[in-house]
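One letter stands for each residue in the lines below.
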Amino acid sequence: MKLLLIRHGIAEVRDVFRATGKTDDLRPLTDEGRVKMARVALGLRELVRELSLVATSPLTRAQETAKIVADAYGLKVGAMTDTLNPDALLPDFAEWLASHGENDVVAAVGHEPHLSTLVTWFLSGIEESRVVFKKGGATLLEFRGRPRKGGAVLHWLAGPKVLRRLGT
């Protein structure tokens, strides 16, 4: 199984959005974030030709990002999981992923610092962030067998600028 982890695109400024009285879970992408993410999604298609499943955290900015990616692949967002929330436990996401083992390539949209910590954990078994994961960035990991800490192989890690260039 391969796992394409994607950090959500550029979202509204947290402090400005807070003034609306809505919770941070509802903070959306900006117009610029949507445009840039659409180009990132095209770049992702150059690197990963097919996806089996697109999953997202329940937070609005991740849902919007996941829809942009799914649309680029002609898919619908197929799963929403709390295991992609910013404070989710890493083993919980590994269990969730293992339960979707029938899929060849799973794309999962989430947040920092959860994603960079998840990548480090999957690669080394260390539960701390050792990679930089910019908004709109992505990485492709592969598992031989059940997804677990220290059980992944890194194919690539790319920032949003590189992915947008690939998408032009």
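This section reports on the structure supplied with the text. (Residues numbered from 1 in each chain as written. Predicted model: local features only at pLDDT ≥ 70, side-chain atom pairs only at ≥ 80, totals over all residues. Heavy atoms only, no water.)

Right, let's talk about the overall build of the protein for a bit. A count of helices and strands for the protein gives six helices and six strands. For the protein, the α and β elements follow one another from N to C terminus as β-α-α-β-α-β-α-β-α-β-β-α. On C-alpha atoms alone, the protein measures out to a radius of gyration of 15 Å, which is about the 15 Å that the 2.2 N^0.38 rule sets for 168 residues. The dimensions of the protein, computed from C-alpha atoms along their principal axes, are 45 × 35 × 25 Å. For the protein, with 168 residues in total, the buried portion stands at 51%. Pairs at least 24 residues apart make up 69% of the contacts formed inside the protein by residues separated by at least 6 positions. For the protein, the separation between the mean place of its 24 positive charges and that of its 20 negative charges on side chains is 6 Å. (Helix = DSSP H or I, 4+ residues; strand = E, 2+ residues; numbered from the N terminus. Rg over C-alpha atoms; globule rule 2.2 N^0.38 Å. Buried < 20%, exposed > 50% of the residue type's maximum accessible area, 1.4 Å probe, protein only. Contact = heavy atoms within 4.5 Å. Lys, Arg positive; Asp, Glu negative; His and termini not counted. Charge placed at Lys NZ, Arg CZ, Asp CG, Glu CD.)

This part takes up the environment of Ala-66. Its place among the elements puts Ala-66 in helix H3 (residues 60-72). Measuring from C-alpha to C-alpha, the distance between Ala-66 and Val-109 comes to 6.0 Å, with 43 residues separating the pair along the chain. Setting aside residues up to four positions removed in sequence, Ala-66 forms contacts with Val-54, Ala-55, Thr-56, Val-77 and Val-109.

Turning to the pattern of salt bridges, a few remarks are in order. Per the stated rule, a full pass over the model turns up 11 salt bridges. Taking the shortest distance from any N to any O, the salt bridge between Glu-64 and Arg-34 comes out at 3.7 Å. Residue Glu-64 is located in helix H3, and its partner Arg-34 is located in helix H2 (residues 31-47); the two are separated by 30 residues in the primary sequence. On the basis of relative accessible area, Glu-64 is assigned to the partly exposed category, the value being 24%. Residue classification places Arg-34 among the partly exposed positions, given a relative accessible area of 32%. Here Glu-95 ties to Arg-146 by a salt bridge, and the two come within 2.9 Å at their closest N and O atoms. Residue Glu-95 is found in helix H4 (residues 90-98), and its partner Arg-146 is found in the loop between strand S5 (138-143) and strand S6 (152-158); the two are separated by 51 residues along the sequence. Residue classification places Arg-146 among the partly exposed positions, given a relative accessible area of 48%. (Salt bridge = Lys/Arg side-chain N within 4 Å of Asp/Glu carboxyl O.)

What follows deals with the packing of aromatic side chains. Summed over the entire model, instances satisfying the criterion amount to four aromatic pairs. Taken together, a centroid distance of 5.7 Å and an interplanar angle of 25 degrees make the contact between Phe-93 and Trp-96 stacked. Pair noted here: Phe-93 and Trp-96 are both in helix H4, with a separation of three residues, about one helical turn. Each member of the pair, Phe-93 as well as Trp-96, is classed as buried. A ring pair is formed by Trp-121 and Phe-122, whose centres lie 5.3 Å apart and whose planes are at 50 degrees; its orientation type is tilted. Overall, Trp-121 belongs to the buried group, its relative accessible area being 6%. (Phe/Tyr/Trp six-rings, centres within 6.5 Å; stacked < 30°, edge-to-face > 60°.)

What follows deals with the environment of Ala-158. Among the secondary structure elements, Ala-158 is positioned in strand S6. Residue classification places Ala-158 among the buried residues on the basis of a relative accessible area of 11%. Ignoring anything within four residues of it in the chain, the contact list for Ala-158 reads Gly-137, Ala-138 and Leu-163.

Bringing helix H5 (residues 114-124) into the picture now. Burial runs high along H5: nine of the 11 residues are buried. Inspection of H5 places His-114, Leu-115, Ser-116, Thr-117, Leu-118, Val-119, Thr-120, Trp-121 and Phe-122 among the buried residues, and these make up the whole buried set. Just downstream of H5 lies Gly-125, where phi reads positive at about 85 degrees.

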